[in-house]
Amino acid sequence: MAGNGNENADGDFSFSAAAARDALPRITTEKGAKSADVCHDDTAPRVNFQTIDELHCLQKKRSAPTTPLKEGGGVVMGTSGPTTPSSGETMLQSVSASLASLTRETGPKLIRGDPTSAAKVAHVPHTPTSVPAADVSDSGLKFTHILHNLSPAELYEQAIKYEKGSFVTSTGALATLSGAKTGRSPKDKRVVKDETTASELWWGKGSPNIEMDEQTFLVNRERAVDYLNSLDKVFVNDQYLNWDPENSIKVRIVSARAYHSLFMHNMCIRPTPEELENFGTPDFTIYNAGKFPCNRYTHYMTSSTSIDINLGRREMVILGTQYAGEMKKGLFGVMHYLMPKRKILSLHSGCNMGKEGDVALFFGLSGTGKTTLSTDHNRYLIGDDEHCWSDAGVSNIEGGCYAKCIDLSREKEPDIWNAIKFGTVLENVVFDEHTREVDYNDKSVTENTRAAYPIEYIPNSKIPCVGPHPKNVILLACDAFGVLPPISKLDLAQTMYHFISGYTALVAGTEEGVKEPRATFSACFGAAFIMLHPTKYAAMLAEKMQAQGATGWLVNTGWSGGSYGAGSRIKLAYTRKIIDAIHSGSLLNATYHKTEIFGLEIPNEVEGVPSEILEPMNAWEDKEAYKDTLLKLAGLFRNNFETFTSHKIGDDGKLTEEILAAGPNF
């Protein structure tokens with residue numbers, strides 16, 4: 001220090017001018033430059049920009065062509081780079097047609113890009129419709145900016161900047177809020193009943209399809225379209241459903257929130273740049289105006305929320321709910337209508353594949369272990385929720401997973417835990433305001449906390465998500481009555497019966513002293529989403545199982561040795577051993593005996609599973625209580641199935657009789 005400066009009276013050091021010069025970058029002026037010339041720091045190379053705006057332009061590398069050219073052939077820069085007129089203008093014209101009011105001659109005037117961007121972009125010409133023009137209004141004079149197929153990073157920026165309640169969590173996921181509705185609103189879902197759907201769809205008792213007429217749908221569509229057109233910007237996703245390329249469906253989602261756009265980016269199949277350039281007209285369109293309510297005075301409306309599906313127009317309208325799951329499940333319902341028309345079975349199931357190519361389907365309601373058992377590190381995951389079974393094999397309908405997050409832990413669900421990273425949408429979770437670490441045990445907003453992420457975030461996912469024909473069809477039931485065996489082999493008629501029943505049992509509510517389990521039935525293990533009568537899906541399932549030699553199994557993941565409160569939950573380790581035995585094929589060679597009442601075939605032995613729990617009655621100390629409980633459950637099955645007995649399959653109805661005979665006999 002003595003060589004670089006001198007200590008003053010106060011003990012501080014005063015550096016010499018020479019030392020100061022040595023400590024700082026050397027500033028020089030170019031040789032021969034005038035005093036007005038700019039000096040530069042010779043410790044770094046010279047930059048190739050002159051203004052801060054030019055610097056910002058350099059920050060973003062231009063991506064694949066997606067923005068139209070300006071008139072005269074020059075390139076016009078938008079938020080996504082240069083393109084040719086044929087691609088960008090065609091997309092804008094297609095979106096304008098989608099957003100066109102049915103009472104005006106032209107679609108809305110659209111511009112590509114964020115309205116806050118300083119870049120000037122071309123707009124779409126008017127798109128004529130077949131309806132004569134009405135008087136021009138102020139809304140017809142404005143431009144609407146289209147944010148088309150933005151990347152997750154761009155959608156993060158939009159959400160954080162403009163949508164209150166959007167935050168980046170400590171793992172990089174986007175935390176969002178869905179507003180007042182934190183779950184689906186099945187009582188507010190409507191389907192247009194016309195000449196075609198009146199005979200094709202399942203209506204009446206037990207059906208999830210609540211009718212509305214065409215005129216009411218158009219009123220709600222107009223309300224949604226007018227709302228979307230009134231905004232400065234809307235998000236447009238052009239994507240696909242079904243990984244089977246021969247039977248994929250093109251879907252367009254028009255929404256007002258970046259959260260919704262990112263959610264669908266994750267849940268639908270993401271197109272390649274080439275597919276997007278040639279996307280054309282969608283097969284189905286969603287108008288998500290969920291931030292705006294429906295008119296309660298409109299016919300068929302029972303609240304300010306309405307989710308409306310028009311299968312004839314191939315359109316869906318959402319008003320009065322921002323819960324993103326309505327879009328996912330709405331499209332699933334559409335697939336339940338469109339796919340059977342192509343002789344393809346749509347299924348609410350998990351699906352995985354062994355290393356030898358053996359495929360298994362897993363059906364089960366909430367709490368049965370469907371997600372846990374279908375996610376197996378020794379097998380490839382084809383999908384966790386929605387599938388199709390065609391003549392070519394199975395295919396996932398979706399491009400992502402929608403997992404429950406309540407009480408999530410790294411130990412219980414490591415794959416889901418690790419999938420919650422950048423690009424993932426976290427719905428309605430609670431996090432630390434400083435660290436942004438999520439508390440998955442906190443139910444302050446809702447118990448229905450969710451994570452939506454691309455399926456490739458799961459390490460052992462099979463991409464593309466397709467596989468050969470299933471060898472095993474596994475029906476899961478969490479029987480809280482404790483009378484169903486842990487494993488039983490089903491014949492085709494029994495498989496159809498239990499598939500149509502869709503049984504599980506839940507523990508009764510939290511009222512003090514209430515310990516009785518409650519039976520829950522959901523036709524085809526997804527009654528809220530099916531369009532046709534359950535027996536039609538069951539008949540297709542049996543036909544495909546018979547053609548491919550698949551075996552049906554009923555697996556109880558619930559109680560043994562007594563009902564809830566008296567018996568004990570079957571250990572997950574035992575259930576995994578059972579599933580392993582199904583996959584390996586060893587259970588096909590086992591010896592079986594048949595139970596009374598339900599007539600189920602139970603193996604005498606399963607490796608790694610105590611033989612005393614395989615026969616439910618043996619695990620009960622009170623044999624009379626077992627028989628009474630068994631009869632009680634059998635009665636619940638019979639009462640539930642009365643909804644389906646009037647519907648005959650085929651001209652002679654013999655298949656219906658076979659299914660009924662496969663139920664409990666007492």
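Residues numbered from 1 in each chain as written. Predicted model: local features only at pLDDT ≥ 70, side-chain atom pairs only at ≥ 80, totals over all residues. Heavy atoms only, no water.

Side note on the pairing of strand β26 (residues 450–454)
And step 1. Burial analysis of β26 places five of its five residues in the buried class, which makes it a mostly covered element.
And step 2. The side-chain alternation of β26 yields two buried faces, one formed by Arg450, Ala452 and Pro454 and the other by Ala451 and Tyr453.
And step 3. Here five bridges tie strand β22 (residues 400–404) to β26, and the two strands are oriented antiparallel to one another. The partner of glycine 400 across the bridge, within β26, is proline 454. (Buried < 20%, exposed > 50% of the residue type's maximum accessible area, 1.4 Å probe, protein only. Helix = DSSP H or I, 4+ residues; strand = E, 2+ residues; numbered from the N terminus. Pairing = 2+ DSSP bridges.)

Digging into unusual backbone geometry
And step 1. Geometrically, the link from isoleucine 463 to proline 464 is a cis peptide bond, its omega value of -5 degrees lying close to zero.
And step 2. Of note, proline 464 is situated in the loop between β26 and β27 (466–467).
And step 3. The phi angle at aspartate 407 is positive, at roughly 60 degrees, despite the residue not being glycine.
And step 4. With respect to the secondary-structure elements, aspartate 407 resides in the loop between β22 and α11 (414–419).
And step 5. Look at aspartate 407 and you get partly exposed, because its relative accessible area is 31%.

Section: the sheet that holds β26
And step 1. The mixed open sheet is built from five strands, whose spatial order is β7-β8-β23-β26-β22. Each of the sheet's edge strands pairs with one partner strand only, and the pair in question is β7 (167–168) and β22.
And step 2. This element, helix α7 (residues 258–267), spans β8 (174–176), β22, β23 (425–427) and β26 of the sheet and lies at about 120 degrees to β23. (Contact = heavy atoms within 4.5 Å. Axes fitted to C-alpha atoms, helices over the stretch in contact; angles between N-to-C directions.)

Digging into the environment of asparagine 242
And step 1. Looking at where asparagine 242 falls in the secondary structure, it is placed in the loop between β11 (233–241) and β12 (249–255).
And step 2. Note: C-alpha distance between asparagine 242 and glutamate 386 (144 residues apart in sequence) is 9.2 Å.
And step 3. Once residues lying within four places of it in the same chain are set aside, the contact partners of asparagine 242 are Asn247, Ser248, Ile269, Met335, Met339, Cys388, Ser395, Asn396 and Ile397.
And step 4. A polar side-chain atom of asparagine 242 sits 3.1 Å from the main-chain amide nitrogen of aspartate 244.
And step 5. In terms of polar contacts, asparagine 242 uses its side chain to reach the backbone carbonyl oxygen of asparagine 247, at 3.1 Å. (Polar contact = N/O pair within 3.5 Å; in protein donor to acceptor, adjacent residues only side chain to side chain.)

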